[in-house]
Amino acid sequence: MRKVNLVFGTVYGSAQFVAQTMEEELSAAGVEAQLHQPETLEGFVPPEDEVLLIVTSTTGQGDLPDNISPWFEMMRSDAPYLPKLEYGVITLGDSSYETFCNAGIRFDELFTELGARRIGELLKIDACETMEPEEEAKRWLQEWIKLI
């Protein structure tokens, strides 16, 4: 099974905790996983022979968290063509806002534009409905692992 690179963007730590939980769950399932800290993403282009899993919260008016925004902008401006890359997205948000989970949606749109292919459904976790986003993400991950 291919290695999974995990990247995350967070404001208050929830998305980071979800990403760390996903790393633990992947490892427990025998999948090699590497969690990349946002400050180490400068110049990082996901290898196409590996899988990318993005975990991000949404802030403000549907904005990306400040700690992952530079990587998003680098990927958008450099626009590497990644037709063999497969990826997944877990996005956290609050459904009381019109821009619910917009940061994850923006990542999904960007990687689609770069030629990559999303595996499985985009997971939208609503802060209004769940107090433990990592539990919802764990259930989603069990199905996602089967697709990689």
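Residues numbered from 1 in each chain as written. Predicted model: local features only at pLDDT ≥ 70, side-chain atom pairs only at ≥ 80, totals over all residues. Heavy atoms only, no water.

Colleague: Explain the packing of aromatic side chains to me, please; I cannot follow it from the model alone.
Modeller: Within a pair of aromatic rings, the relevant descriptors are the distance that separates the centres and the angle that separates the planes. Within the structure shown, the criterion is met by seven aromatic pairs. An angle of 40° between the planes, with centres 5.7 Å apart, marks the rings of Tyr-87 and Phe-111 as tilted. Of the two residues, Tyr-87 sits in strand E4 (residues 86-93) while Phe-111 sits in helix H3 (residues 102-113), which places them 24 residues apart along the sequence. Both residues of the pair, Tyr-87 and Phe-111, count as buried. (Phe/Tyr/Trp six-rings, centres within 6.5 Å; stacked < 30°, edge-to-face > 60°. Helix = DSSP H or I, 4+ residues; strand = E, 2+ residues; numbered from the N terminus. Buried < 20%, exposed > 50% of the residue type's maximum accessible area, 1.4 Å probe, protein only.)

Colleague: Hey, could you run me through the environment of Arg-106 in this one?
Modeller: Here Arg-106 is to be found in helix H3. Since its relative accessible area comes to 23%, Arg-106 is described here as partly exposed. Taking the C-alpha atoms as reference points, Arg-106 and Phe-72, separated by 34 residues in sequence, lie 9.1 Å from one another. Not counting the four nearest positions on each side in its chain, Arg-106 is found in contact with Gly-62, Asp-63, Leu-64, Phe-72 and Glu-73. (Contact = heavy atoms within 4.5 Å.)

Colleague: Sorry if this is basic, but what is going on with the side chain of Thr-56 here?
Modeller: With respect to the element layout, Thr-56 can be found in strand E3 (residues 51-57). With a relative accessible area of 0%, Thr-56 lands in the buried category.

Colleague: Just checking my understanding: could you explain the pairing of strand E2 (residues 33-36) for this structure?
Modeller: Here is the key point about a regular strand: its side chains alternate between the two faces of the sheet. The pairing of strand E1 (residues 4-9) with E2 spans four bridges and is parallel. Paired with Val-7 across the two strands is His-36, which belongs to E2. For the crossover that starts at E1, traverses helix H1 (residues 14-28) and ends in the parallel E2, the hand is right-handed. (Pairing = 2+ DSSP bridges. Right-handed = clockwise from strand over helix to strand, strands pointing away.)

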